Amino acid sequence: MNDIKKILTCAGSDPCGGAGIQADIKTISSFGHFAMSAITAVTAQNTMGVSMTEAVSPEMMKSQLDSVFSDIFPDSVKIGMLMNGKNVDIIADRLEHYNAKNIVCDTVIMSTSGRQLLDDEGLEIFIKKLMPIADVITPNIPEAERLCGMKINSPRDMEKAARLLSGNTRGGVLIKGGHLMGEALDILFDNGSLYYFSSPRIDNPNTHGTGCTLSSAIACGLAEGHSLPEAVDEAKKYITRIISAGLDIGHGNGPMWHFAQ
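A few points on the structure. Numbers given to residues run from 1 along each chain, matching the order in which its sequence is written. Since the coordinates come from a predicted model, pLDDT governs what is reported: local features require at least 70, and pairs of side-chain atoms require 80 or more to be given and counted, while whole-chain, interface and lining totals use all residues. To get the side-chain values, all heavy atoms of the structure are used, and hydrogens and water are removed first.

1. Observations concerning the layout of surface pockets
- By volume, the second largest pocket amounts to about 150 Å³.
- Lining the second largest pocket are 13 residues, with Cys16, Gly17, Lys26, Leu247 and Pro255 positioned closest to its centre.
- Its residues assigned to classes, the lining of the second largest pocket shows 7 nonpolar, 5 polar and 1 charged. Two kinds of site are reported from a 1 Å grid over the protein atoms alone, namely cavities, where a 1.4 Å probe fits but cannot get out, and pockets, open sets with protein on both sides within 12 Å along at least five of seven lines, and residues are called lining when an atom falls within 4 Å of a point. Grid points are joined across faces, edges and corners, and a volume is the space filled by probe spheres set on the points. Throughout this entry, Asp, Glu, Lys and Arg are counted as charged residues, while Ala, Val, Leu, Ile, Met, Phe, Trp, Tyr, Cys and Pro are counted as nonpolar. The remaining residues, Gly among them, count as polar.

Structural data, given as structure tokens:
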């Protein structure tokens, strides 16, 4: 079992299991790897939206990370919902302290239902401290607009935004184009090159947790030693497969079936 990789996710908990820590663990497990977690916040949410969030204390955040890194050093790290500046600051500090590798940052700023999931101080620290040490960031279009200060209405705009944001990272920028019309097109800017990942839209409204799942799948690919474009390609294929499974649970934007074969 020497090929099993150890993947750490730092994210919030989703009690209904479709997103956050629960989606990350399902994704990592479906790739055949060992999932570890440092919980940033507890949420009360379901397929219809987020009703309450509560961040863990800074002391608990630091202690969780120290516990993991001092015993089972991760082959990659996925960063999800962070909630506030204290969490962002501690996570950036600990990742640098331990010289963490293969850091995938999912820029969780707002929920689909419009609830703010990262405060203004947290966003500022994220840009200054976490983005520069990330191997890839994975914003959707509204998040990319917030990060780079420009409107994105076309694939050409996505390309421009990805180039702009790449100046703040040591790695790649994957802008997810699901908010645009037409085929689902994601654009990756990595090491001076643009890569395009297109797939037909699937007739299934249940896509809760796609961002969490995609970033965790990319973390798995990087841990396995794949290049960033290869890891993104495999992650996209995985997302297409689990949406196509057609799971229909809950009264709102339901989750996907992470173990679809």
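2. Some details on the nonpolar core
- What is meant by a nonpolar core is a set of buried Ala, Val, Leu, Ile, Met, Phe, Trp, Tyr and Cys residues, joined one to another through side-chain atoms within 4.5 Å. Note on exposure labels: buried denotes an accessible area under 20% of the residue type's maximum, exposed denotes more than 50%, and partly exposed covers the range between, all computed with a 1.4 Å probe on protein chains only. In this structure, Leu8, Leu65, Ile79, Ile91, Leu95 and Leu130 are the most contacted members of the largest nonpolar core, which totals 46 residues.
- Only runs of H or I of at least four residues qualify as helices and only runs of E of at least two qualify as strands under DSSP, and these elements are numbered from the N terminus. The element that contributes the greatest number of residues to this core is helix α3 (residues 85-97), accounting for 5 residues.
- With sequence-adjacent residues up to four places away left out, leucine 65 is seen in contact with Leu8, Cys10, Ala38, Ile90, Ile91 and Arg94.
- Ranked by size, the runner-up nonpolar core spans 24 residues in total, among them Val104, Leu222, Ile242 and Ala260. The contact criterion used is simple: two residues touch if any of their non-hydrogen atoms lie within 4.5 Å.

3. Some details on the packing of aromatic side chains
- Within 6.5 Å between ring centres, the rings of Phe, Tyr and Trp (the latter by its six-membered ring) count as paired, and their orientation is classed by plane angle as stacked under 30 degrees, edge-to-face over 60, tilted in between. Enumeration over the complete set of coordinates arrives at 4 aromatic pairs.
- With a centroid separation of 5.1 Å and an interplanar angle of 65°, the aromatic rings of phenylalanine 31 and tyrosine 238 are classed as edge-to-face. Highlighted residues: phenylalanine 31 in the loop between α1 (20-30) and β2 (34-46) and tyrosine 238 in helix α8 (residues 228-244), separated in sequence by 207 residues.
- Taking 5.7 Å as the distance between ring centres and 70° as the angle between the ring planes, the aromatic pair formed by tryptophan 257 and phenylalanine 259 counts as edge-to-face.
- Among the residues examined, phenylalanine 259 registers a relative accessible area of 35% and is labelled partly exposed.
- A network of ring pairs unites the aromatic residues Phe69, Phe73 and Tyr98 as a single cluster.

4. What to know about unusual backbone geometry
- Residues other than glycine seldom take positive phi values, yet asparagine 99 does so here, at roughly 55°.
- Tracing the backbone shows asparagine 99 in the loop between α3 and β5 (103-105).
- Accessibility expressed as a relative area gives 61% for asparagine 99, which makes it exposed.
- The phi dihedral of asparagine 191 is positive, around 55°, even though this residue is not glycine.

5. Some points on the side chain of glutamate 145
- Within the fold, glutamate 145 resides in helix α5 (residues 141-148).
- Any N or O atom pair separated by 3.5 Å or less is treated as a polar contact, with the protein-specific requirement of one donor-capable and one acceptor-capable atom, and with residues adjacent in sequence counted only for side-chain atom pairs. A distance of 2.8 Å separates a polar atom in the side chain of glutamate 145 from the backbone nitrogen of isoleucine 152.
- Setting aside residues up to four positions removed in sequence, glutamate 145 forms contacts with Met150, Lys151 and Ile152.

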